[in-house]
Amino acid sequence: MATHCQGGVTQCAGGIFRKTVYDNAALNVRSRLGTAMTPISAGDLTILSELERKVLWLATWTIHHANHLRDNSDGLKVGGHQASSASLATVMTALYFHSLRPQDRVAVKPHAGPNFHAIQYLLGRQTREKLENFRGYKGAQSYPSRTKDADDVDFSTGSVGLGVSQTLFSSLVQDYVRAHGWGQVINGEPRPEGRMIALLGDAELDEGNIFESVLEGWKQGLRNCWWVVDYNRQSLDAVVREGLWERYQNLFRNFGWDVVVLKYGALQQTAFREPGGETLRQWIDNCPNQLYSALVFQGGAAWRKRLLDEIGDQGAVTRLIEKRSDDELARLMNNLGGHDLAAVIEAFDSIDHDRPVCFIAYTIKGMGLPFAGHKDNHAGLMTPAQMETFRAAMKIRPGHEWERFEGLSAPEPALQKFLDAVPFAAAGERNLRAPLIEVPDELQVTIQAEMATQTGFGALLNEIARGTTPLASRIVTTSPDVTVSTNLGPWVNRRGLFAREAMADIFKSERIPSTFNWEFSPKGQHIELGIAEMNLFGVLSALGLSHAINGERLLPIGTLYDPFIARGLDGLNYACYQDARFILVATPSGITLAPEGGAHQSIAEPLIGMAQDGLASFEPAFVDELAVILRFALDYIQRGGDGEPSERNWLRDETGGSVYLRLSTRPIEQIQREMKPELRQAIVDGAYWLREPGPNCQVIVAYTGAVAPEAIQAVGLMAEDRRDVGLLAVTSAD
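Residues numbered from 1 in each chain as written. Predicted model: local features only at pLDDT ≥ 70, side-chain atom pairs only at ≥ 80, totals over all residues. Heavy atoms only, no water.

Draft legend 1. Layout of the overall build of the chain. Helix and strand counts for the chain stand at 28 helices and 23 strands. Here the chain has a C-alpha radius of gyration of 29 Å; the compact-globule value for 734 residues is 27 Å, and the two agree. When its C-alpha atoms are laid out on the principal axes, the chain stretches across 105 × 70 × 55 Å. Taken across its 734 residues, the chain has 58% of its residues classed as buried. Nonlocal contacts in the chain, meaning residues at least 24 apart in sequence, comprise 77% of its contacts between residues at least 6 apart. Accessible surface computed for the chain: about 30,000 Å², of which carbon and sulfur atoms make up 51%. (Helix = DSSP H or I, 4+ residues; strand = E, 2+ residues; numbered from the N terminus. Rg over C-alpha atoms; globule rule 2.2 N^0.38 Å. Buried < 20%, exposed > 50% of the residue type's maximum accessible area, 1.4 Å probe, protein only. Contact = heavy atoms within 4.5 Å. Areas by Shrake-Rupley, 256 points an atom, 1.4 Å probe, with all protein chains shown as cover.)

Structure follows, in structure tokens:
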């Protein structure tokens, strides 16, 4: 059995952690449903092996059907990733059919999406119609999608790297929810903590946002997070560099993760115990990635020639090789840890703590398919002839390709009984719902004669923070090291910073005067981040999905300088694509922040607000406008998403979404006026007449944001020689 130490490394199936040869006795592998531990029988392992075959078949066939059999009137490429799906079939079988619990959440490697859909199909949560229309309109999506797929997707994973870090941030949000005393009982039943799990390709670790998130996770005391690396040593274009696994291992250890390496399968372990086996193991360990992949593709005869040529005639090891046929030798050399179902299950179920864990699972890209190991197999598709050979090997009769248990040797009742008892699917609906938080009809704020919208934002939150309403308790703010300079200081002074363990403000205890009270506690309502905008959008996305993931609604507000939205733009797009709900306050914004010019220019950002789906963009000039918009936003981000978009305006009033506010540090003279219902609605709709044009209007001036004084002055000047000039205040250019 494996032993684990914090920040340590466990060699699974070949090091400290060695798997014995399995027989008909009960296996020393355990699963958890809540806190219960139960052994898995040899019979269950047999059924799991059958389901593994079925996942591989259905994923491969789904892609083949979409590319070779379905009508394609426009001739456009459909595509798919048969090889990338095949390399994770074992790991995903072990997870979904055995190790996962209902409260666990998974971000599936994008290119293994067909595996996910196949698993959901076997569990009765996906339809044949959706699979037949894979990558088609309203069919199963190329990559798992929360908003477009009908089956049980936890996190969208279309843009590589983002789904991985999302599991880390979702784990931090789970801690936030539970630290505040929420999310521990759902629908009257106790809800244990869930593990947030990412399945990722080794090449996916080239994405920089992953390492930014790992650093932030270390700062925040990350728990209950697993990342399973599909270490097939192949990227889209090539074979990865030698020794990359060791760099991953050291990096994760340095940030407090346990590392579990699944390298050798049962056949290899058995061979290593034979005379000459240690020599074979050393050859495997020293074999370059490119050569190993090439030999996998070439097959048993190539393995034999290379091994005998390089190891030479050494008696015991030669006999070890020669006593196996070409097919047996190929099976031995392809038997890596990530394809050994029992070893994978044992590795997963041996984790008995909440420290973050990185599993490095050695796999073969395209395992079980005719192009396994070939460096060009990423987007490769099996030919019709290859599919017929594969069909025969999988014992699938023509016309029965979509039948759930076709080609399996286990009795259908036993298979169905097993699926009905899968722990992960036991709780039914996993996309949770949370009650709405009441928002008052009007947000209170004291408006000064001259004021900037950024100042008004801080004042509005300060007034909310004074109260003890559910609204005040459910707002959570976050910022990438610009908390003070975006006017969140008053909110933080009243509501505190969040950490799982209390940390005092040393300046305060040392009686050093400071404007800000910087104390951390489990009840704090501000999450302070390092200066990485991708992490900001990752946290906002996780906070904005808490109602669905944790069954507890949060009202997230994130702040940053407007120019730096572009630094995290993919993260913002990803969050909106997932239908996460949050308020993004970008301040200061504008062509320049000060007389020196363009150090921090935000010129293109209004176009981002206009173009980004799922994001309502506003740029108020006056604080009373901001109060109306913020009140609308706190309601808008709670709307269910089930209705149809409004026919009256673009805002999708019935469906809701996230909100983007562009604010300014420029103080301008405020208008003293009564905020009537018609004016409130016009502000939300995006524009109103500050000065209505007359019947003989010759010109209309339209403005948005902090240039209001210039627009007002211009209208005054033009009115000297033009009649009935109109002034349109645009609060949203969306």
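Draft legend 2. Representation of the packing of helix α18 (residues 453–466) against helix α26 (residues 623–636) in the model. With their axes 10 Å apart at the nearest point, α18 and α26 run at an angle of 50° to one another. Relative to α26, α18 is oriented oblique. Between α18 and α26 lies a crossing of right-handed hand. Contact residues: Thr453, Gly456, Phe457, Leu460 and Ile464 in α18; Val623, Leu626, Ala627, Leu630 and Leu634 in α26. Class assignment of the residues belonging to the contact of α18 with α26 gives a composition of 8 nonpolar, 2 polar and no charged. (Axes fitted to C-alpha atoms, helices over the stretch in contact; angles between N-to-C directions. Parallel < 35°, antiparallel > 145°, perpendicular 65-115°, else oblique. Left-handed = near helix turned anticlockwise from the far one by under 90°. Nonpolar A, V, L, I, M, F, W, Y, C, P; charged D, E, K, R; others polar.)

Draft legend 3. Quick peek at the environment of His378. Note on placement: His378 falls in the loop between β10 (357–362) and α16 (384–394). Looking at His378, the relative accessible area reads 6%, which means it is buried. Between the C-alpha atom of His378 and that of Ser85, which follows or precedes it by 293 residues, the distance is 9.7 Å.

Draft legend 4. Seen up close, the sheet that holds strand β22 (residues 700–703). Ordered by their spatial adjacency, 3 strands build an open sheet running β21-β23-β22, and the pairing between neighbours is mixed. Since the sheet does not close on itself, it has two edges, and those belong to β21 (687–691) and β22, each with one partner. Neighbour-to-neighbour, the strand axes of the sheet open up by a mean angle of 25°, direction not taken into account. Note that β21 and strand β23 (residues 726–730) share 4 bridges and pair antiparallel. Bridging across to β23, Ala687 finds its partner in Val730. Across the sheet, helix α28 (residues 708–718) is in contact with β21, β22 and β23; its angle to β22 comes to roughly 175°. (Pairing = 2+ DSSP bridges.)

Draft legend 5. Main features of α16. Within α16, the full set of buried residues consists of Met387, Phe390, Arg391 and Met394. What you see down the axis of α16 is that its buried residues fit within an arc of 105°, all on one side. Facing away from the buried side of α16, by more than 90 degrees, are the exposed residues Ala385, Thr389 and Ala392. Close packing links the buried residues of α16 with α1 (42–69) and α2 (82–86). Count one or two residues on from α16 and you reach Lys395, which has phi positive near 60°. (Arc of directions from axis to C-beta.)

Draft legend 6. How the structure looks around empty space enclosed by the protein. Applying the stated criterion across every chain yields a total of 5 cavities of 30 Å³ or more. Reported here for the largest cavity is a volume of approximately 80 Å³. Every residue lining the largest cavity is listed: Leu172, Asp175, Gln220, Phe498, Arg500, Ile527 and Val539. Here the lining of the largest cavity is composed, by residue class, of 4 nonpolar, 1 polar and 2 charged. Forming the walls of the second largest cavity are Leu162, Ser165, Gln166, Phe169, Asn209, Met534, Asn535, Phe537, Gly538, Gly571 and Tyr574. Sorting the residues of the lining of the second largest cavity by element identifies α6 (162–179), α22 (533–543) and α24 (569–577) as the ones contributing at least two each. Grouping the constituent residues of the lining of the second largest cavity by class yields 5 nonpolar, 6 polar and no charged. (1 Å grid on protein atoms, 1.4 Å probe; cavity = no way out; pocket = protein on both sides within 12 Å on 5 of 7 lines; lining within 4 Å. Points joined across faces, edges and corners; volume = space filled by probe spheres on them.)

Draft legend 7. Structural detail: the environment of Asp326. Relative to the helices and strands, Asp326 is located in helix α14 (residues 326–334). A relative accessible area of 32% means that Asp326 is categorised as partly exposed. C-alpha of Asp326 to C-alpha of Ala302: the two residues are 24 residues apart in sequence and 8.7 Å apart in space. Apart from the residues lying within four places of it in its own chain, the contact partners of Asp326 are Gly300, Ala301 and Arg304. At a separation of 2.9 Å, a polar atom in the side chain of Asp326 contacts the side chain of Arg304. (Polar contact = N/O pair within 3.5 Å; in protein donor to acceptor, adjacent residues only side chain to side chain.)

Draft legend 8. Structural view of the nonpolar core. Ranked by size, the top nonpolar core spans 83 residues in total, and within it Trp227, Leu280, Trp283, Met333 and Leu584 carry the most contacts. Looking at this core, the element that brings in the most residues is α6, giving 9 residues. Not counting the four nearest positions on each side in its chain, Trp283 is found in contact with Tyr292, Leu295, Trp303, Arg306, Leu307, Glu310, Ile311 and Met333. (Core = buried A, V, L, I, M, F, W, Y, C linked by side-chain atoms within 4.5 Å.)

Draft legend 9. How the structure looks around the layout of surface pockets. The calculated volume of the second largest pocket comes to roughly 830 Å³. Lining the second largest pocket are 30 residues; nearest its centre among them are Glu52, Arg53, Leu56, Met367 and Gly368. For the lining of the second largest pocket, the secondary structure elements donating two or more residues are α1, α3 (89–99), α9 (266–272), α15 (341–349) and α16. Taken together, the residues that form the lining of the second largest pocket break down as 17 nonpolar, 9 polar and 4 charged.

Draft legend 10. Layout of the packing of α6 against helix α7 (residues 208–220). It is the contact of α6 with α7, at a shortest axis distance of 9 Å, that shows an interaxial angle of 15°. Between α6 and α7, the interaxial angle falls into the category roughly parallel. The way α6 lies across α7 gives a crossing that is left-handed. Here α6 contributes Leu162, Val164, Ser165, Leu168, Phe169 and Leu172 to the contact with α7, which in turn contributes Asn209, Ile210, Ser213, Val214, Glu216, Gly217 and Gln220. Of the residues that constitute the contact of α6 with α7, the class distribution is 7 nonpolar, 5 polar and 1 charged.

Draft legend 11. Seen up close, α7. In a regular helix each residue adds 1.5 Å, so 13 residues correspond to 18 Å; α7 covers 19 Å between its end C-alpha atoms and thus fits that length. Taken together, the buried positions of α7 are Asn209, Ile210, Ser213, Val214, Glu216, Gly217 and Gln220. Buried residues along α7 sit in contact with α6, β8 (225–231), α8 (244–254), β15 (526–529) and α22. Downstream of α7 by one or two residues, Gly221 has phi in the positive range, about 75°. (Expected span 1.5 Å × (residues − 1).)

Worth remembering: the numbers are spatial, not functional.
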